[in-house]
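Letter by letter, the chains look like this.
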Amino acid sequence: MTAAKLVMEPIFEANFLPCSYGSRPKREAPQALREIQSVITFRDRCVVIDADIKGFFDNIPHQKLMILVKRQISDPRLLKLIERGLAAGALKDGEYLKSEGVGTPQGSSISSLLANIYLHAFDKMWEHSKLPGTLIRCCDDFVILLHPKTDSKWILNEIKKMLGRLELDLHPEKTRVTPAQQGFNFLGLHLRLCQVRKAKAKLSHSRRLWPSDQSMQRIKQRIIELIGRLIWKNATGILKFHAFFECE
């Protein structure tokens, strides 16, 4: 799969759109966050559709994915390798789960590329729709930034139609429309448009970010697992504590 990715990535990379980030050369999460900051701060698009695709990696239909792959790849040996990889299934908690024609193996070196190939179709639909707003997508996570006067419910319904053509759905509980001043989570971070209190500042508001509550909870749980609650009584725990943060 790694060899297949090395062959395929430059071919598809030439066609991916600027709105796409994540698992791409020089277009990773930090660049996506900077783009969000720029759009919110300088373009006055401070209403956020914070979208979550329901079970994305588990629901990608193999047939449609292979149609998109075949638009750029014609080598039958490479196509057969990808099809076998998709059909191989996966191990979960020691139990083999057979593939049923949907889903990509998470953790595989090529899974992120296949995700970008599939959602590139969504990027193109958004581009051709000419809908008002800015799409910023990082693999399967994406936000759409809107001007306050834009009808966000209409935009959200159009997004649902586009994803429906790809046999995907938005998560009803995790997808929301929110003002940037109230904040939203993206890529494990909480982003919020905050007032600039510095005297004689050039901007009245600027985007700020910090770890989301879920990320902080995972970090705390990881620290507890590594060192326990009685760190001051355990020299080994202290050493593990320092080693953990050096690695991070």
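Above this text you will find the structure in question.
What counts and what doesn't
- The residue count restarts for each chain, going from 1 along the sequence in the order it is written.
- A pLDDT threshold of at least 70 governs which residues receive local features in this predicted model, and a stricter bar of 80 or more applies before side-chain atom pairs are shown or counted, although totals over entire chains, interfaces and linings include all residues.
- To obtain the side-chain values, all non-hydrogen atoms of the structure were included, while hydrogens and water were left out.
- Here a strand is any run of E in DSSP of at least two residues, a helix any run of H or I of at least four, and the numbering for each starts at the N terminus.
- Only protein chains enter the area calculation, which uses a 1.4 Å probe; residues under 20% of their type maximum are buried, those over 50% are exposed, and those in between are partly exposed.
- Only the protein chains shown count as cover for residues, and all accessible areas are computed by the Shrake-Rupley method using a 1.4 Å probe.
- In plain terms, two cysteine sulfur atoms within 2.5 Å form what is called a disulfide here.
- What makes a salt bridge here is a side-chain nitrogen of Lys or Arg within 4 Å of a carboxyl oxygen of Asp or Glu, nothing more.
- When DSSP finds two or more bridges between a pair of strands, those strands are recorded as paired.

**Section: the overall build of the protein chain**
Summing up its helical and strand segments, the protein chain has nine helices and 10 strands in all. Considering the protein chain as a whole, with its 248 residues, one finds that 40% of them fall into the buried category. Surface summary for the protein chain: the accessible area is close to 14,900 Å², and the carbon and sulfur share equals 53%.

**Focus on the state of the cysteines**
This structure, assessed with the given rule, holds zero disulfides. The thiol of C138 is unpaired, and the distance to the nearest cysteine sulfur, on C139, comes to 6.9 Å.

**Examining the pattern of salt bridges**
On inspection of all chains with the given rule, the structure shows eight salt bridges. Residue K70 is joined to E83 by a salt bridge in which the shortest nitrogen-to-oxygen separation is 4.0 Å. Remark: E83 occurs in helix α5 (residues 76-87) and K70 occurs in helix α4 (residues 62-70); sequence separation between them is 13 residues. Residue K70 is classed as partly exposed on the basis of its relative accessible area, which comes to 45%. Taking the shortest distance from any N to any O, the salt bridge between K124 and E127 comes out at 3.6 Å. Separated by three residues within a single helix, K124 and E127 lie in helix α6 (residues 111-129), roughly one turn from each other.

**Let's talk about the pairing of strand β2 (residues 47-52)**
Taken across its six residues, β2 has five buried, putting it largely inside the fold. Bridge count between β2 and strand β6 (residues 141-146): six bridges; the pairing is antiparallel. Counterpart to I49 in the pairing with β6 is I144. In this structure, β2 lies alongside strand β7 (residues 176-179), joined through four bridges in antiparallel fashion. Each residue of the ladder has a partner; that of V47, found in β7, is P179.

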